[in-house]
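Here is what each chain is made of, one letter per residue.
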Amino acid sequence: MFVEYQKKKDYGVIYLNRPEKRNAISKEMAAMLGTVLNKAKKEEIKFLVLTSKDNKVFCAGGDLTYLHGNLSREEAYARLNPMKEILYKIALFPVPVIALLNGNALGGGCELATACDIRIARNNTKFGFIQANLGILPGWGGGTLLYNKVSSSFALEWLTEAKVLDSQLLEKKGWINRIVKEHDIDDMDVLLKDYISKSYRQMRLLKDQHIKSWTNRNLFFEMTEEVKKTAMLWDSEEHKQAIEKFLLRK
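In this text the structure is predicted, and so the values were computed from the model without any measurement.

## Focus: the packing of helix α3 (residues 108–115) against helix α4 (residues 142–149)
Two elements in contact, α3 and α4, have axes separated by 9 Å at closest approach and are oriented at 45°. In terms of their interaxial angle, α3 and α4 are classed as oblique. In the crossing of α3 with α4, the sense of the turn from one axis to the other is left-handed. Where α3 approaches α4, its residues Glu111, Thr114 and Ala115 are matched on the opposing element by Gly142, Gly143, Leu145, Leu146 and Lys149. Residues of the contact of α3 with α4, tallied by class, amount to 3 nonpolar, 3 polar and 2 charged.

## Quick look at the packing of aromatic side chains
Tallying each qualifying case throughout the model produces 7 aromatic pairs. Ring centres of tyrosine 11 and phenylalanine 47 lie 4.7 Å apart, and the angle between their planes is 10°; on these two criteria the pair is classed as stacked. In this pair, tyrosine 11 is assigned in the loop between β1 (3–7) and β2 (12–16) and phenylalanine 47 in the loop between α1 (27–41) and β3 (48–52), connecting sequence segments 36 residues apart. Residue classification places tyrosine 11 among the buried residues on the basis of a relative accessible area of 2%. Judged by relative accessible area, phenylalanine 47 falls into the buried class, the value being 0%. Aromatic side chains phenylalanine 129 and tryptophan 158 sit 4.9 Å apart centroid to centroid with 75° between the ring planes, which places their arrangement in the edge-to-face category. Here phenylalanine 129 is found in the loop between β8 (126–128) and α4, whereas its partner tryptophan 158 is found in helix α5 (residues 152–161), with 29 residues between them in sequence. Considered together, phenylalanine 129 and tryptophan 158 belong to a single accessibility category, that of buried residues. Each residue in the set Phe127, Phe129, Phe154, Trp158 and Trp175 is aromatic and connected to the rest through ring pairs, giving one cluster. Sitting over the ring of phenylalanine 2, arginine 18 keeps its end group 5.2 Å from the ring centre.

So, how was this worked out
Residues numbered from 1 in each chain as written. Predicted model: local features only at pLDDT ≥ 70, side-chain atom pairs only at ≥ 80, totals over all residues. Heavy atoms only, no water. Axes fitted to C-alpha atoms, helices over the stretch in contact; angles between N-to-C directions. Helix = DSSP H or I, 4+ residues; strand = E, 2+ residues; numbered from the N terminus. Parallel < 35°, antiparallel > 145°, perpendicular 65-115°, else oblique. Left-handed = near helix turned anticlockwise from the far one by under 90°. Contact = heavy atoms within 4.5 Å. Nonpolar A, V, L, I, M, F, W, Y, C, P; charged D, E, K, R; others polar. Phe/Tyr/Trp six-rings, centres within 6.5 Å; stacked < 30°, edge-to-face > 60°. Buried < 20%, exposed > 50% of the residue type's maximum accessible area, 1.4 Å probe, protein only. Lys NZ or Arg CZ within 6 Å of the ring centre and 35° of its normal.

Below is the structure:
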């Protein structure tokens with residue numbers, strides 16, 4: 001199973017489990033994420049954790065064998081949009097969603113982490129919204145989400161420069177909430193004890209308040225528009241050449 005779900009006593013955990021592809025999101029993984037999110041939503045959990053089964057990589061983004069450079073704009077939109085729906089589900093999940101970043105993330109992996117409410121990272125990890133280096137925008141609506149999580153000037157800087165940044169800098173910028181040592185990140189009950197100590201009702205009310213605090217009241221529409229704009233760039237020469245160079249480096 002590329003995506004696994006476990007119900008703990010007080011919370012749920014979604015594990016990305018495709019280590020041979022660095023947890024790159026395929027069509028099948030997107031469908032599995034949707035299924036486990038729907039399952040978790042029906043359970044009485046205080047919060048939801050999204051993490052990687054393997055401690056090397058959180059998520060390397062979209063699977064380029066599925067999201068390759070030879071898609072038409074219409075095909076690109078059709079393949080990108082399902083993950084936008086997943087990110088939107090995460091953003092509006094009824095209790096807090098915590099990204100436990102036990103490895104690096106690039107591109108869509110950063111979009112997935114940004115959809116979560118809180119990001120806790122292992123020390124010495126790195127993250128990059130690198131989509132602009134590939135001639136496109138974030139493809140799952142993650143750029144729109146980023147503007148809700150950090151200052152607009154930093155969001156624009158990160159999305160435009162498309163640099164891979166270390167966790168220490170991103171903690172200062174507010175994208176990462178907390179950095180923990182490698183040997184501490186696996187003990188979720190200890191790491192998340194402050195969340196476990198709250199009641200289910202409290203956590204639902206806290207998440208509801210968080211959603212109401214968003215400055216972007218048209219989140220779904222803006223995320224959809226971002227996906228459409230990314231799809232418009234998909235068949236550009238810049239994107240095709242960038243993908244070809246990226247694959248050659250691999």
